[in-house]
Amino acid sequence: MKDQRGFRIVLCSAIFIILAQNRALADLDSESHGVKSESVGEEEWEMVQRKGMQFILNGQPFYVNGFNTYWMMTLAADNSTRGKVTEVFQQASAVGMTVGRTWAFNDGQWRALQKSPSVYDEEVFKALDFVVSEARKYKIRLIMSLVNNWDAYGGKAQYVKWGNASGLNLTSDDDFFTNPTLRNFYQSHVRTVLNRVNTFTNITYKNDPTIFAWELMNEPRCPSDPSGDKLQSWIQEMAVFVKSLDAKHLVEIGLEGFYGPSAPVRTRFNPNPYAAQVGTDFIRNNQVLGIDFASVHVYPDSWISPAVSNSFLEFTSSWMQAHVEDAEMYLGMPVLFTEFGVSAHDPGFNTSFRDMMLNTVYKMTLNSTRKGGAGAGSLVWQVFPQGAEFMDDGYAVYLTRAHTASKIISLQSKRLAIFNSLCSWRCRWGCKKKNHTALDALLTHDEL
């Protein structure tokens, strides 16, 4: 009886894997040919939720292979370049990507969304509506970032300028985090975006499952306060504020992942000593009420050395593993590696090294995925269509001509789709069985 039962389990396991593989690959293939992209039924298009250390969609895990394209609203604001937005979603969908990350802000700059506090350009807002509606067509969900730490697209520096123009006497960009007037400016922007009714879909943003999560800020730093108290206070207030307006969507901070004073032992994983002095504190920040998952960025070329070397890959592995461990041990939430890449401007760069970087990040993600762990996925910085080279910061991946990179990305999408699909089957022995040899082989095979 024991041998027969074991045989039945192995046979059933193999059958389920084959069925799930075929279904997942068929879904990816049909989406890449546009079969499913134009008609997303409401019963299929639900909010992604969080359950413990996993993202959940329709009761099953939702592991992410995604991308960044920050400029989509800006190009959508001009009819001559709006088609590039569609191309991004078409190409990302064709390689199975399911989540994109983009800006829901442009403050006081060229083609500004927010021209001055609470004053908006309706045509640019319609451009953001278009971005969200196109994402929905191609079954791609969006992480929407609400303000920048950096000067590009306005950022906290623009808020300080607006504050001084209104009669304040502000001397530091970090006053963004502490001044009550600037906090009100930010909250007003958040309220406007979340309550926006999309002119293409007639769905209010805060009710739209197309939006995967709200990001409080892109790469927040407060170097004027290395203790981290100022930024911590801002995160506490803004996380609860966003949730008070929209309890349905996930919320994350937008952190790069640097360790701070609350975890001195973990600062050894930081890329350099300065990282512990920028006012961020990965573990402490993410323990705030209202934060649903942690974000981490991976930029060894910016943080360690601009010259490409194998140390990049070693750092990437240890950096990612440390944050997965912390998400599991201290936070009890998913961690998403929301930006990673290597620049073509780096000395010694070649596309083969970029492919190695992709493989390293994806391998680390899969190591967690196989265990049902907190490593919830990654988003490459960044996907570009041809004809948008003028926006290229050196990190662009042109899927239509970077053939090897496209294959690596597509393979990762297939692996995650297979895993997610397998977990939808109600196997009585559970989808998390750690010694599931057949599943491990499937997730590590180089060709699917």
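Look up a bit, the structure's there.
Residues numbered from 1 in each chain as written. Predicted model: local features only at pLDDT ≥ 70, side-chain atom pairs only at ≥ 80, totals over all residues. Heavy atoms only, no water.

**What to know about the overall build of the protein**
Part 1 of the argument: A tally of helices and strands in the protein yields 13 helices and 15 strands.
Part 2 of the argument: For the protein, the residues scored as buried account for 60% of the 448 residues in total.
Part 3 of the argument: Within the protein, counting contacts between residues at least 6 apart in sequence, those at least 24 apart form 76% of the total.
Part 4 of the argument: For the protein, the accessible area works out to roughly 17,600 Å², and carbon and sulfur atoms hold 52% of it. (Helix = DSSP H or I, 4+ residues; strand = E, 2+ residues; numbered from the N terminus. Buried < 20%, exposed > 50% of the residue type's maximum accessible area, 1.4 Å probe, protein only. Contact = heavy atoms within 4.5 Å. Areas by Shrake-Rupley, 256 points an atom, 1.4 Å probe, with all protein chains shown as cover.)

**Regarding the nonpolar core**
Part 1 of the argument: Core analysis: the biggest nonpolar cluster contains 114 residues, and Trp71, Phe89, Tyr186, Leu216 and Trp234 have the highest contact counts within it.
Part 2 of the argument: Sorting elements by how many residues they give to this core places helix 10 (residues 311-331) first, with 9 residues.
Part 3 of the argument: With residues up to four places along the chain from it excluded, the contact list for Tyr186 reads Leu146, Val147, Tyr159, Phe176, Leu216, Trp234 and Met238.
Part 4 of the argument: Core analysis: the next-biggest nonpolar cluster, separate from the first, contains 14 residues, Leu57, Val99, Ile143 and Leu336 among them. (Core = buried A, V, L, I, M, F, W, Y, C linked by side-chain atoms within 4.5 Å.)

**Some words on the sheet that holds strand 4 (residues 64-68)**
Part 1 of the argument: The strand order across the open sheet built from 8 strands is 10-9-8-5-4-13-12-11, with neighbouring strands paired in parallel fashion. For this open sheet the edge positions go to strand 10 (250-252) and strand 11 (294-298), each flanked by a neighbour on one side alone. Within the sheet, the average angular offset between the axes of one strand and its neighbour, ignoring direction, is 25°.
Part 2 of the argument: Summarising the sheet, strand 4 and strand 5 (residues 99-103) pair through 3 bridges and their orientation is parallel. Bridging across to strand 5, Phe67 finds its partner in Gly100. (Pairing = 2+ DSSP bridges. Axes fitted to C-alpha atoms, helices over the stretch in contact; angles between N-to-C directions.)

**Quick look at unusual backbone geometry**
Part 1 of the argument: Residue Trp381 is joined to Gln382 through a cis peptide bond whose omega torsion reads -5°.
Part 2 of the argument: For Arg111, which is not glycine, the phi dihedral falls at a positive 55°.
Part 3 of the argument: Relative to the helices and strands, Arg111 is located in the loop between strand 5 and strand 6 (114-116).
Part 4 of the argument: Residue Arg111 is classed as partly exposed on the basis of its relative accessible area, which comes to 24%.
Part 5 of the argument: Residue Ser118 is not a glycine yet carries a positive backbone phi of 70°.
Part 6 of the argument: Position of Ser118 relative to the elements: it lies in the loop between strand 6 and strand 7 (119-120).

**Things to note about the pattern of salt bridges**
Part 1 of the argument: By the definition in use, this model includes 17 salt bridges.
Part 2 of the argument: Here Asp292 ties to Lys243 by a salt bridge, and the two come within 2.7 Å at their closest N and O atoms. Separated by 49 residues along the polypeptide, Asp292 in the loop between helix 8 (282-286) and strand 11 and Lys243 in helix 7 (residues 229-245) bring together distant segments of the chain.
Part 3 of the argument: Taking the shortest distance from any N to any O, the salt bridge between Arg266 and Asp326 comes out at 3.1 Å. With Arg266 in the loop between strand 10 and helix 8 and Asp326 in helix 10, this residue pair connects regions lying 60 residues apart in the sequence.
Part 4 of the argument: Overall, Arg266 belongs to the buried group, its relative accessible area being 13%. (Salt bridge = Lys/Arg side-chain N within 4 Å of Asp/Glu carboxyl O.)

**Things to note about the side chain of Arg354**
Part 1 of the argument: Mapped onto the elements, Arg354 comes out in helix 11 (residues 351-369).
Part 2 of the argument: With residues near it in sequence (within four places) discarded, Arg354 still touches Val342, Phe349, Ala396, Val397, Ala402 and Ala405.

**Examining the packing of aromatic side chains**
Part 1 of the argument: For the structure shown, the criterion picks out 33 aromatic pairs.
Part 2 of the argument: Here the aromatic rings of Phe176 and Phe177 are separated by 5.3 Å at their centres, their planes lie at 85°, and the arrangement is edge-to-face.
Part 3 of the argument: Looking at Phe177, the relative accessible area reads 0%, which means it is buried.
Part 4 of the argument: Ring centres 6.1 Å apart and planes at 50° place the aromatic pair Phe258 and Trp319 in the tilted group. In this pair, Phe258 sits in the loop between strand 10 and helix 8 while Trp319 sits in helix 10, placing the two residues 61 residues apart along the sequence. With respect to class, Phe258 is no different from Trp319; both count as buried.
Part 5 of the argument: Among the aromatic residues, ring-to-ring pairing joins Phe258, Tyr259, Phe282, Tyr299, Trp303, Phe315, Trp319 and Tyr395 into one connected group.
Part 6 of the argument: Residue placement shows Arg196 over the ring face of Phe125; its charged tip is 4.2 Å from the ring centre.
Part 7 of the argument: The side chain of Arg401 reaches across the aromatic face of Tyr398, ending 3.8 Å from its centre. (Phe/Tyr/Trp six-rings, centres within 6.5 Å; stacked < 30°, edge-to-face > 60°. Lys NZ or Arg CZ within 6 Å of the ring centre and 35° of its normal.)

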